[in-house]
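Chain residues, written in single-letter form:
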Amino acid sequence: MKGIIFRGLEELVVKTHDITVWEKLMEKHAPAERVYVSAKNYPDDELFALAQEVAVVVDKPLSDILRTFGEFLFAYLTQKHGEILVQFEDFSSLIMGIDTVIHAEVAKLYHEPNLPQIHCEKIDERNILMFYRSNRKLCFCAEGLINGAASYYQMNISIDHQKCMHEGEQECTLLLTFEEKEHGKIN
Ligand code: HEM
Ligand code: ZN
């Protein structure tokens, strides 16, 4: 996993807790003197151990932590890569472009990234069916990233995680149902 993902987790932990909490996590789960460089690769297990420990600290299931992390990560990644968002006019086109535009761009910018396979089918104006496959099985993180994108475009969204690799499936299937938020309405 790229250092930029670890740095995103660090920023989230520091924002929601403080730097000493992050330092304790690092002491327990990373080699001494570890410094995450955005473009470098680090072991996936190190990220999983850190995320698992965050789950213990806040006493929530790992899936919830990964969703929260994913949502934060969307803002973090798009802030670091300002050129990405200008290419999309709305939520739907961003989702349809994750694999062919966003991650294709990532594959040019980063050396040997480990990206998931994401394939989307547009059903109609309000529904997209997403297929996710990766041996890292970070589908809950994907849910969070999708929520992050929805909040950026001010969309109401629900995600129906119909099939899941964590339940022995070959790939995850996520049905995204969305609509623009009505102005002035509090959700
Ligand atoms: C990795 C999904 C948008 C850059 C990942 C991963 C997931 C994911 C689930 C974890 C790796 C895995 O599952 O195997 C998504 C979704 C997005 C999205 C659903 C939008 C809703 C973005 C954006 C960027 C980005 C906007 C901006 C540059 C990356 C990078 C990695 C990554 C750098 C790490 C690759 C590595 O560690 O080698 N993405 N992503 N993604 N994504 Fe995305
Ligand atoms: Zn899944």
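What counts, and at which threshold
Residues numbered from 1 in each chain as written. Chains lettered and ligands numbered in written order. Predicted model: local features only at pLDDT ≥ 70, side-chain atom pairs only at ≥ 80, totals over all residues. Helix = DSSP H or I, 4+ residues; strand = E, 2+ residues; numbered from the N terminus. Rg over C-alpha atoms; globule rule 2.2 N^0.38 Å. Near = placed C-beta within 6 Å. Nonpolar A, V, L, I, M, F, W, Y, C, P; charged D, E, K, R; others polar. Buried ≥ 20, exposed ≤ 12 C-beta atoms within 10 Å, placed from the backbone. Contact = placed C-beta atoms within 7 Å. Core = buried A, V, L, I, M, F, W, Y, C linked by C-beta atoms within 7 Å. Domains from an automatic or database assignment. Pairing = 2+ DSSP bridges. Axes fitted to C-alpha atoms, helices over the stretch in contact; angles between N-to-C directions. Parallel < 35°, antiparallel > 145°, perpendicular 65-115°, else oblique. Left-handed = near helix turned anticlockwise from the far one by under 90°.

(A) Region of the structure containing the overall build of the protein chain. Within the protein chain, the secondary structure is distributed over 8 helices and 4 strands. Counting helices and strands in the order they occur from the N terminus, the protein chain gives α-α-α-α-α-α-α-β-β-α-β-β. A globule of 187 residues ought to have a C-alpha radius of gyration of about 16 Å, and the protein chain, at 17 Å, matches this closely. Along the three orthogonal principal directions, the C-alpha set of the protein chain runs to about 50 × 40 × 35 Å.

(B) Seen up close, the site of ligand 1. Around ligand 1, 24 residues are found, and the nearest of them are K2, P113, P116, S134 and L138. Looking at the shell around ligand 1, the elements with two or more residues in it are α1 (3–16), α4 (62–80), α7 (98–109) and α8 (139–152). For the shell around ligand 1, the element with the most residues is α8, which contributes 5 residues. Its residues assigned to classes, the shell around ligand 1 shows 17 nonpolar, 5 polar and 2 charged.

(C) How the structure looks around the environment of M1. On the secondary structure map, M1 appears in the segment before α1. Residue classification places M1 among the buried residues on the basis of 20 C-beta atoms within 10 Å. Between the alpha carbons of M1 and P43 there is a distance of 6.2 Å; along the sequence they are 42 residues apart. Once residues within four sequence positions are removed from consideration, M1 is found in contact with F6, N41, Y42, D44, L47 and N114.

(D) Looking closely at the nonpolar core. Counting residues in hydrophobic clusters, the biggest one holds 39 residues, and the most contacted among them are I95, Y132, C141, A142, L145, A149 and L176. Of the residues forming this core, the biggest block, 8 residues, is contributed by α8. Counting the residues that make up this core, at least three belong to each of domain 1 (3–59) and domain 2 (84–180). Filtering out sequence-adjacent residues up to four positions away, I95 remains in contact with C120, I128, A149 and L176.

(E) Examining the pairing of strand β1 (residues 117–124) more closely. Of the pairings in the sheet, the one linking β1 to strand β2 (residues 127–133) comprises 7 bridges and is antiparallel in character. Opposite Q117, over in β2, you have R133 as the bridge partner. The turn joining β1 and β2, which pair antiparallel and follow one another in sequence, is formed by 2 residues.

(F) Highlighting the domain arrangement of the protein chain. We note that the domain assignment places domain 1 (3–59) and domain 2 (84–180) within the protein chain. Between the C-alpha centres of domain 1 and domain 2 the distance comes to 24 Å.

(G) Molecular detail of the packing of α4 against α8. At a closest axis distance of 6 Å, the pairing of α4 and α8 adopts a crossing angle of 40°. As far as their axial angle goes, α8 and α4 are oblique. For the pair α4 and α8, the sense of crossing is right-handed. Note on element contacts: α8 touches α4 through F140, C141, A142, E143, G144, L145, N147, G148, A149 and Y152, opposite S63, L66, R67, T68, F69, G70, E71, L73, F74 and A75. The residue inventory of the contact of α4 with α8, partitioned by class, reads 11 nonpolar, 6 polar and 3 charged.

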